[in-house]
Each structure stands twice: as structure tokens, then as C-alpha cells.
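# Chains, contacts and geometry: an overview
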Amino acid sequence: MERTYLMIKPDGVQRNLIGEVVSRFEKKGFTLVGAKLMTVTKEIAETHYAEHKERPFFGELVDFITSGPVFAMVWEGENVISTARTMMGSTNPADAAPGTIRGDFGVQVAMNVIHGSDSPESAKREIAIFFNENELNNYEKAVSKWV
Ligand code: DAT
Ligand code: MG
């Protein structure tokens, strides 16, 4: 079963969107495997966003993601990596469709509410950055055969 790393960014936490976002993934039928409120260090932020190191917005991105607590999560389910990206919407909330998280709650690209892994390789890498194995729960929900 596939797993992905999702993170409600500091703007989402400040705007009281944790429950709303968690609720969408729960209702969709995905399974929450691990979650914690945490403040990201500069070192972890730079590792997590390493692919963007040369981009002009990298410094701003690291400053933003370390500016307040984030809600880090691991979710499990069939095709959860790509489906979560669809549910999040386009990177720039101005382009994100209504009904998506960024389309419904975001305004500008720098503060787009949520992060989600973009591939199986990213998911594996990002889960390992933010979680220890003993923080992840292996269980099956009774409703899983209906989802
Ligand atoms: P995504 O988060 O959809 O995977 P990404 O990996 O291209 O998007 O970029 C990572 C984050 O960097 C993104 O969520 C917000 C920020 N970002 C991207 N493009 C930006 C830009 N042009 N100006 C400012 N921040 C940007
Ligand atoms: Mg990305």
C-alpha cells in the first residue's frame, strides 16, 4: 500500500485549517499513519527542499517553512501520492481549481497551505526526513474493504 508525506504549512496552522485538511483526507478514505505538530529547523527545511536550492525563492521558502509550527503527516492508501496532489491543487493557488485545498484556501504561491510528495521516491525520502519508523502505525481500518 502506498504512503505519502503531507504537511500543513505554517500559514495553514495559523489559519486553523488543520482539522479541515485532515478531514478531507479522512473522508476521501485514506488512512492516517502518523502525525505531529512540529517546528521545522533550518537544517531540515534545507534538506526537505534541496531540489529548489538554486531557485531565487529558496531563502524565502526556508524562512517561511521554519516561521511557525507545521502539521506533519503520513497518509496511506491506493494511489495516495498522486490523488493527494490532485486534492491539493496547483502549486500557485491562483491557478488551483475550486474544490482543491489550495484553490479553496490559498491566495499566493509562497503561502499555499500544504505540501505533498510528488513521487514514490520523494515520498520515501520525505517520510524518512520527518518521521522515525516507531512513529508510524501499521494498522488496517475495518471500513477498508468498502473504500
Ligand atoms: P509543490 O509544493 O506544488 O510541489 P514546488 O515543489 O514547485 O511546488 O515548490 C515548492 C514550494 O516552493 C511551493 O509549494 C511554494 C514555493 N514556490 C514555488 N514556486 C514559487 C515561486 N515562484 N515563488 C515563491 N515561492 C514559490
Ligand atoms: Mg514539490
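Our subject in this report is the structure included herewith. Keep in mind that this is a model prediction, so the values were computed, not measured.

Before going further, it helps to examine the packing of helix 2 (residues 18–28) against helix 5 (residues 80–88). It is the contact of helix 2 with helix 5, at a shortest axis distance of 12 Å, that shows an interaxial angle of 130°. The orientation of helix 2 with respect to helix 5, classified from their angle, is oblique. The way helix 2 lies across helix 5 gives a crossing that is right-handed. Facing Arg 24, Phe 25 and Lys 28 of helix 2, the residues of helix 5 in contact are Thr 83, Ala 84 and Met 87. Residue composition of the contact of helix 2 with helix 5, by class: three nonpolar, one polar and two charged.

Take the pairing of strand 1 (residues 3–8) next. Within a regular strand, side chains alternate between the sheet's two faces. In terms of burial, strand 1 is largely enclosed, as six of its six residues are buried. Of the two faces of strand 1, the one lined by Arg 3, Tyr 5 and Met 7 and the one lined by Thr 4, Leu 6 and Ile 8 are each fully buried. Relative to strand 3 (residues 70–76), strand 1 runs antiparallel, the two sharing six bridges. Opposite Met 7, over in strand 3, you have Ala 72 as the bridge partner. Looking at chain direction, strand 1 and strand 4 (residues 114–116) are connected through three bridges and run antiparallel. Residue Leu 6 lies in a different strand from strand 4, and its bridge partner there is Gly 116.

Moving on, we come to the sheet that holds strand 4. In spatial order, the strands read 2-3-1-4; together these four strands make up an open sheet with antiparallel pairing. Edge positions in the sheet fall to strand 2 (31–38) and strand 4, since each has one partner strand and no second. Taking each pair of neighbouring strands and ignoring which way they run, the sheet shows an average axis angle of 15°. In this structure, strand 2 lies alongside strand 3, joined through seven bridges in antiparallel fashion. The partner of Met 38 across the bridge, within strand 3, is Val 70. Packing of helix 7 (residues 120–130) onto the sheet brings it into contact with strand 1, strand 2, strand 3 and strand 4, and relative to strand 1 it is tilted by some 55°.

Calculation criteria
Residues numbered from 1 in each chain as written. Chains lettered and ligands numbered in written order. Predicted model: local features only at pLDDT ≥ 70, side-chain atom pairs only at ≥ 80, totals over all residues. Heavy atoms only, no water. Axes fitted to C-alpha atoms, helices over the stretch in contact; angles between N-to-C directions. Helix = DSSP H or I, 4+ residues; strand = E, 2+ residues; numbered from the N terminus. Parallel < 35°, antiparallel > 145°, perpendicular 65-115°, else oblique. Left-handed = near helix turned anticlockwise from the far one by under 90°. Contact = heavy atoms within 4.5 Å. Nonpolar A, V, L, I, M, F, W, Y, C, P; charged D, E, K, R; others polar. Buried < 20%, exposed > 50% of the residue type's maximum accessible area, 1.4 Å probe, protein only. Pairing = 2+ DSSP bridges.

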